[in-house]
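Residue-level listing of the chains:
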Amino acid sequence: MKNLILVCVSLLTITSFASTMPQTKAEFCGRFGERPSDKEIIQDLSSESVNLMAFKNDGGLFNGGVCWWHSRFQRNILYLSIFRPDLAKPKNPREIQNLIYQVRLGESVVVIPGYANLEEFSTENQKLIQAELNSWQLYDGVVLGGWMDGLKGDTKIEANLLSSMMNEVFNYVSVKKKIAYEKLQIKGITSHAWLIAGIVAGPNGYEIGYIDSNSPRMSQNYSFKNGDTSFFIKGYGNFVPYLEFKREEERITDTARIYCNLKPHGLITSKKQIEKDNLLDIQDALSAGHN
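Predicted, not measured: the structure shown is a model, and the values here were computed from it. (Residues numbered from 1 in each chain as written. Predicted model: local features only at pLDDT ≥ 70, side-chain atom pairs only at ≥ 80, totals over all residues. Heavy atoms only, no water.)

Turning next to the environment of isoleucine 233. Checked against the element boundaries, isoleucine 233 lands in strand β7 (residues 231-233). Judged by relative accessible area, isoleucine 233 falls into the buried class, the value being 16%. With 11 residues separating them along the chain, isoleucine 233 and tyrosine 222 place their C-alpha atoms 8.9 Å apart. (Helix = DSSP H or I, 4+ residues; strand = E, 2+ residues; numbered from the N terminus. Buried < 20%, exposed > 50% of the residue type's maximum accessible area, 1.4 Å probe, protein only.)

Take the pattern of salt bridges next. Considering all chains together, one arrives at 14 salt bridges under this definition. Measuring nitrogen to oxygen at the nearest pair gives 2.9 Å for the salt bridge that ties aspartate 140 to arginine 72. Of this pair, aspartate 140 sits in helix α7 (residues 126-143) while arginine 72 sits in helix α4 (residues 67-80), and the two are 68 residues apart along the sequence. With relative accessibility at 2%, the residue aspartate 140 sits in the buried group. Note that glutamate 132 and arginine 104 form a salt bridge whose closest N and O atoms lie 2.6 Å from each other. (Salt bridge = Lys/Arg side-chain N within 4 Å of Asp/Glu carboxyl O.)

Note that predicted coordinates carrying low pLDDT should not be read in detail. Per-residue confidence for the protein gives a mean pLDDT of 86, with 86% of residues at or over 70. Scored below 50 in pLDDT, residues 1-18 makes 93 contacts in the model with residues more than four places away or belonging to other chains. (pLDDT = per-residue confidence, 0-100. Contact = heavy atoms within 4.5 Å.)

The buried fraction of strand β3 (residues 180-186) is high, at 7 of 7 residues. Side-chain alternation along β3 places Ala180, Glu182, Leu184 and Ile186 on one buried face and Tyr181, Lys183 and Gln185 on a second face that is also buried. By the bridge criterion, 6 bridges tie β3 to strand β8 (residues 237-244) in an arrangement that is antiparallel. By the bridge assignment, isoleucine 186 is partnered in β8 with phenylalanine 239. (Pairing = 2+ DSSP bridges.)

Next up on the list: the state of the cysteines. Going through the model one piece at a time under the given rule, you end up with 1 disulfide. Residue cysteine 29 pairs covalently with cysteine 260 via a disulfide, S to S 2.1 Å. Its S-S torsion of approximately -90° makes the covalent link between cysteine 29 and cysteine 260 left-handed. On the criterion of sequence distance, the pair formed by cysteine 29 in helix α1 (residues 25-29) and cysteine 260 in the loop between α9 (246-259) and α10 (271-287) is long-range, its members being 231 residues apart. The pair formed by cysteine 29 and cysteine 260 is uniform in burial state, with each residue classed as buried. (Disulfide = S-S within 2.5 Å.)

With 46 residues, the main nonpolar core has Trp68, Phe73 and Phe121 as its most contacted residues. Here this core gets 8 residues from one element, more than from any other, and that element is α4. Every residue in contact with phenylalanine 121, bar those within four places of it in the chain, is listed here: Phe83, Ile96, Ile100, Ile112, Tyr115 and Ile129. Core analysis: the next-biggest nonpolar cluster, separate from the first, contains 25 residues, Leu162, Met166, Ile233 and Ala288 among them. (Core = buried A, V, L, I, M, F, W, Y, C linked by side-chain atoms within 4.5 Å.)

Right, let's get into the packing of α9 against α10. If you want to describe how two helices pack, look at the angle between their axes and the distance between the axes. Axis separation between α9 and α10 bottoms out at 8 Å; the angle between their running directions is 145°. In contact with Lys246, Arg247, Glu248 and Arg251 of α9, α10 contributes Ile274, Asp277, Asn278, Leu280, Asp281 and Asp284. Of the residues belonging to the contact of α9 with α10, the class tally is 2 nonpolar, 1 polar and 7 charged. (Axes fitted to C-alpha atoms, helices over the stretch in contact; angles between N-to-C directions. Nonpolar A, V, L, I, M, F, W, Y, C, P; charged D, E, K, R; others polar.)

Put simply, α4 and α9 touch, their axes get as near as 9 Å, and they point 25° apart. By the angle class used here, α4 and α9 are roughly parallel. The handedness of the crossing between α4 and α9 is right-handed. Side by side, α4 and α9 meet where Arg72, Arg75, Asn76, Tyr79 and Leu80 of the first sit next to Glu248, Glu249, Ile252, Thr253, Thr255 and Ala256 of the second. Here the contact of α4 with α9 is built from residues that sort into 4 nonpolar, 3 polar and 4 charged. (Parallel < 35°, antiparallel > 145°, perpendicular 65-115°, else oblique. Left-handed = near helix turned anticlockwise from the far one by under 90°.)

What characterises a pair of aromatic rings is the spacing of the ring centres plus the angle enclosed by the ring planes. Counted by the stated rule, this structure contains 13 aromatic pairs. Aromatic side chains phenylalanine 28 and phenylalanine 32 sit 5.5 Å apart centroid to centroid with 40° between the ring planes, which places their arrangement in the tilted category. A centroid spacing of 4.5 Å and a plane angle of 10° characterise the contact between tyrosine 222 and phenylalanine 231, whose relative ring orientation is stacked. On the basis of relative accessibility, which here comes to 11%, the residue tyrosine 222 falls in the buried class. You can call phenylalanine 231 buried: its relative accessible area is 0%. Three or more aromatic residues link up through ring pairs in this structure, and these residues are Trp194, Tyr210, Tyr222, Phe224, Phe231 and Phe239. When the ring centre of tyrosine 259 is taken as origin, the NZ or CZ atom of lysine 25, which lies over that ring, is 4.7 Å away. (Phe/Tyr/Trp six-rings, centres within 6.5 Å; stacked < 30°, edge-to-face > 60°. Lys NZ or Arg CZ within 6 Å of the ring centre and 35° of its normal.)

Quick look at the structure:
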């Protein structure tokens, strides 16, 4: 088996209105209407710390972190969860573990009883969530064959190419109102990930709001300027962000729309097809930045 170390380095921001996680089906489904204000609600959720993971990226193979899966779990929660603090908490750890596993799968809307938000849920069940993230990483790497020899790749690219990539992210986040998952190609055998939940166009580039698994309790901004050949953050050096796991976002969106009796944008298919799409997402993420 080929080896891979996913060393997860850190990097977050959103300017938005405060919002709380849905507690009813009506609240949940209100986020999938056709008005721009409806579509922005999921992005708004990410501006509140109570809706974010209470613990940072940790664990993983060789203690290299699980940043890819921490970020994907966070996005799945924002898209597919209903919190019911009015209900009793599960007393059996196996029940809680099953809830966590269902969030990981992203194949159904998950009702989480006894908790008002992700902050509460992840604080109380950190060990169980961390164990699931570790397992998810191992599954993607071993079962789906996602490992490769290192993740060395380009940390600088042509300015016009990077600007084109950022234009795509702007359309994805600001126009289509999606939360973007990006793989960050950093120097050496290093790869990180963040979520972009807000982006604003300026005269010379973009102001980007991102959620980072190494600082999940806060949000940060990054200013991208046209003409840049890379991103740069002190401590990480130059890196290039790549928009990834787009198939996964389409699937979890359609899962929510079907739950709300709305027409899916794509097609929810078999378990086999879901695994195939997951493998394609992983292969895309691993190959991005390699010329």
